[in-house]
Amino acid sequence: MYSADDKPGWGLSFILGLTHVSLIFDGIIFLPNMIGKATSTPSDQVAFVTFATLIVAALGTLFQALRVGKIGCGFVLFMGSYSAFLACTLMAVQMGGLELMATMTLLCAPVVIFYSYFLRFLRHIVTPPVGGVLIILVALSLMPIAIDLWQGGGPSMPHFGTYRNYLAGLITMAVLVLLMLFGNNTIRLWTPILGIGAGCLTAWFMGLFTFEQFHSSPLFGFPRGEWPGLTLNFEWTYLPLAGAFFMAALVSAMEGTGNIMLLQQLSIKKFRKVDYSRIQGGLYCDGLCKGLSGIAGGTPVATFCDNLPLIKMTRVAATRVGIMGAAILICLAFMPKVSGFFLDIPHAVIGGVLVVICAMLFYSGLELVMRSGLTFQMGMVLGLSLCAGLVAETRNFFPDIMPVNLAPILQNGVAMGGFTAIFLSTILYLFPKPGITFQILPTQDRMKELMSRVKMLKNRLKLDDNTYNRLRLSCEESFIYLTSFVDENQKKCLFNIRKKEEGIFVEIIYGEEVEDVDQAVRPFNVMSANNHELSKLGLLILSKTASDIQHIHISGFTYISFVVEFDAA
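Residues numbered from 1 in each chain as written. Predicted model: local features only at pLDDT ≥ 70, side-chain atom pairs only at ≥ 80, totals over all residues. Heavy atoms only, no water.

Draft legend 1. Seen up close, the overall build of the protein. Tallying secondary structure elements over the protein gives 23 helices and seven strands in all. Relative to the 2.2 N^0.38 estimate, which gives 25 Å for 569 residues, the radius of gyration of the protein is 26 Å and therefore close to what a compact globule would have. Expressed along its principal axes, the backbone C-alpha trace of the protein runs to roughly 80 × 60 × 45 Å. Split into buried and exposed, the 569 residues of the protein put 52% on the buried side. Here the contacts in the protein between residues at least 6 apart in sequence split such that 79% fall between residues at least 24 apart. Carbon and sulfur atoms form 64% of the exposed surface of the protein, whose accessible area is close to 25200 Å². (Helix = DSSP H or I, 4+ residues; strand = E, 2+ residues; numbered from the N terminus. Rg over C-alpha atoms; globule rule 2.2 N^0.38 Å. Buried < 20%, exposed > 50% of the residue type's maximum accessible area, 1.4 Å probe, protein only. Contact = heavy atoms within 4.5 Å. Areas by Shrake-Rupley, 256 points an atom, 1.4 Å probe, with all protein chains shown as cover.)

Draft legend 2. Here's a closer look at unusual backbone geometry. Non-glycine residue Arg-67 carries a positive phi angle of around 50°. By secondary structure assignment, the location of Arg-67 is in the loop between α3 (43–66) and β1 (79–81). Of note in this structure, Asp-548 is not a glycine but carries a positive phi near 50°.

Draft legend 3. Local environment of the packing of aromatic side chains. Applying the stated criterion across every chain yields a total of six aromatic pairs. Measuring from ring centre to ring centre gives 6.4 Å for Phe-479 and Phe-495, while their planes differ by 45°; the resulting arrangement is tilted. One end of the pair, Phe-479, is in helix α21 (residues 465–483); the other, Phe-495, is in strand β4 (residues 493–499), with 16 residues separating them in the sequence. Residue class for Phe-479 comes out buried when judged on its relative accessible area of 0%. Given the relative accessible area of 0%, Phe-495 is considered buried. Pairwise contacts between aromatic rings join Phe-438, Phe-479 and Phe-495 into one cluster. Between Lys-500 and the ring centre of Phe-505, over which it is positioned, the NZ or CZ distance is 4.2 Å. (Phe/Tyr/Trp six-rings, centres within 6.5 Å; stacked < 30°, edge-to-face > 60°. Lys NZ or Arg CZ within 6 Å of the ring centre and 35° of its normal.)

Draft legend 4. Region of the structure containing the side chain of Ser-116. Turning to its location among the elements, Ser-116 is positioned in helix α5 (residues 109–117). Ser-116 sits in the buried class, given a relative accessible area of 0%. When near neighbours in sequence (up to four residues on either side) are disregarded, Ser-116 contacts Gln-280, Leu-283 and Tyr-284.

Draft legend 5. Just the sheet that holds strand β5 (residues 503–510), in detail. Taken in spatial order, the five strands of this open sheet run β3-β4-β5-β7-β6, and their pairing is antiparallel. Each edge of the open sheet carries a strand with a single partner, namely β3 (435–440) and β6 (547–554). Ignoring strand direction, the axes of neighbouring strands in this sheet form an average angle of 10°. Bridge count between β4 and β5: six bridges; the pairing is antiparallel. (Pairing = 2+ DSSP bridges. Axes fitted to C-alpha atoms, helices over the stretch in contact; angles between N-to-C directions.)

Draft legend 6. The arrangement of a nonpolar patch on the surface in detail. A cluster of nonpolar side chains, contributed by Leu-107, Phe-234, Trp-236, Leu-239 and Phe-246, occupies part of the molecular surface with about 540 Å² of accessible area. Note that Leu-239 resides in helix α11 (residues 239–267). Assessed through its relative accessible area of 42%, Leu-239 is described here as partly exposed. (Patch = residues over 30% accessible without salt bridge, like charges linked within 9 Å, V, L, I, M, F, W, Y side chains within 5 Å. Salt bridge = Lys/Arg side-chain N within 4 Å of Asp/Glu carboxyl O.)

Draft legend 7. Layout of the packing of helix α1 (residues 10–28) against helix α14 (residues 319–333). Taken N-terminus to C-terminus, the directions of α1 and α14 make an angle of 55°; their axes are 8 Å apart at the nearest point. Taken together, α1 and α14 sit at an angle that is classed as oblique. In the crossing of α1 with α14, the sense of the turn from one axis to the other is right-handed. Taking contact as the criterion, the partners of Trp-10, Ser-13, Phe-14, Leu-16, Gly-17, Leu-18, His-20, Val-21, Phe-25 and Ile-28 in α1 are, on α14, Arg-320, Val-321, Met-324, Gly-325, Ile-328, Leu-329 and Leu-332. Classifying every residue of the contact of α1 with α14 by side-chain character gives twelve nonpolar, four polar and one charged. (Parallel < 35°, antiparallel > 145°, perpendicular 65-115°, else oblique. Left-handed = near helix turned anticlockwise from the far one by under 90°. Nonpolar A, V, L, I, M, F, W, Y, C, P; charged D, E, K, R; others polar.)

Draft legend 8. Main features of the confidence of the model for the protein. Summary statistics for the protein give a mean pLDDT of 82 and a share of 91% for residues scoring 70 or more. Within the protein, helix α12 (residues 276–296) carries the highest mean pLDDT (92), whereas helix α22 (residues 531–535) carries the lowest (51). (pLDDT = per-residue confidence, 0-100.)

Draft legend 9. Layout of the packing of α11 against helix α19 (residues 413–430). Contact geometry of α11 with α19 gives a least axis separation of 10 Å together with a crossing angle of 75°. Compared by their axis directions, α11 and α19 come out roughly perpendicular. Together, Met-247, Leu-250, Val-251, Met-254 and Glu-255 of α11 and Val-414, Ala-415, Gly-418, Phe-419 and Ile-422 of α19 make up the contact between the two elements.

Draft legend 10. Representation of helix α6 (residues 128–151) in the model. The end-to-end C-alpha separation of α6 is 35 Å, in line with the 34 Å expected for 24 residues at 1.5 Å each. Where α6 terminates, the next one or two residues include Gly-152, which has phi positive at roughly 135°. (Expected span 1.5 Å × (residues − 1).)

Draft legend 11. Region of interest: the state of the cysteines. Within this structure, the stated rule accounts for zero disulfides. Left without a disulfide partner, Cys-285 is nearest to the cysteine sulfur of Cys-289, which lies 4.1 Å away. We classify Cys-285 as buried; its relative accessible area is 0%. (Disulfide = S-S within 2.5 Å.)

Draft legend 12. Representation of the environment of Ala-333 in the model. By the element assignment, Ala-333 lies in helix α14. Taking the relative accessible area as the measure of exposure, Ala-333 reaches 11% and is therefore buried. Put simply, Ala-333 and Pro-223 are 110 residues apart on the chain and 8.9 Å apart in space, counted from C-alpha to C-alpha. Contacts of Ala-333, omitting those with residues within four sequence positions, involve Phe-51, Leu-54, Ile-55 and Gly-221.

Shown next, in the form of structure tokens:
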């Protein structure tokens, strides 16, 4: 496996970058294509919007891979059109032309940036299980699209639903699945190319691969249209439209959170926990790209997850693949003939690939959900969220009384399922629980004060002696560990101790970043241990007295949490 920091050959990186692009290219330019088909926008202006969207998507993909400062997640994460913006984008073009669409795209950028900046306040709400549910909902929402593509793209398309499309999609799926299950490590690197190649060869034999756009497009070219500009005279009638853009931006941020959680699992060897600073960086890049797209006159862009299972399929997560993919997208913006070839790939072939991708997304989302363990309450939250997403995807839930203007949200499974998960998680977090919250300076002379605070909880929470002793020891070792990081600022740490369903939950918040306490610590011989090993003795004790130990860094703050389970007796 090539992890994110590994450096495979540039040739292999180019091939895999090309594979990613070939799979999602039509999705990246989905919104510009829909503007051309559903509105009266001149073709040269549609070409300019397509060009601008491609350039911004390429830059965003490059920033995500390189992680420039705090911008980017440092993984292979492509940017492109996002379907949640479809209805509001078309409405904007119809109400005020491309300039209004560009303005709304620019205005929704701060929504994602603010969401990312305040992510530390959402750490108990936007959790890995919630991110896993979003990934599962994405898989469920993609499945109908995959089936339509497999059949030929839509009832209006020639050969829709015929055995030609059925065979092309089936052979694509069969090659992908067989190579993934039985291929060796070398063959797996070429699985996507071989699967798409087998599907395209079958489609060509069946007369489905016509190369129509490839032959009609010039090899090189610049967009013929002009920059549409921005709308400066904002009217009150645009407020509902702005609200729709803001909601779609929030949905894209939530889905982006799940995407980056999944990417960390796929891209890091011996993955242990979610790094929220990577999520923040990826979402900052998302917001920046929305702003750039609005200024350039393109459509809203967001993180793409359709191709993420390719990383698991090929076991190559090196950022070089993202860099090469970004370079290919920039070249495609100036090479209409090559773009036309990708757009000529038959719908059935892309549909066959998407079916396999949906299966892998479902597995990855479920794995993310189960990694943190499930309590009864969280299980109910996730179950209800999935039900809400499925109901929204049917588009048949009281359609006569649902507001038409809210259809892009109410009929979006990812949006409704995600909002349900976040709403219920918020209620669980805000619901009052017995416990105590206090601030204390992490110094040795304050240990007595800490122990007296913890002792108060024994009677208040009616703890048995065994649970109380383990709670006291866990808090003591965590506190001692923090004392070694106190600086001249004398910052206090916040203890939040609450009784929950599974045990006593303890969270410690400190205003500086400190070395992880949830790192693996091996037992050692105390008699022969060095000073560094002895300094980790408390962490070894903590790992034996508490469970679900987590240590995360967000916006320069340290959050340490663990659970002291109730005595089984």
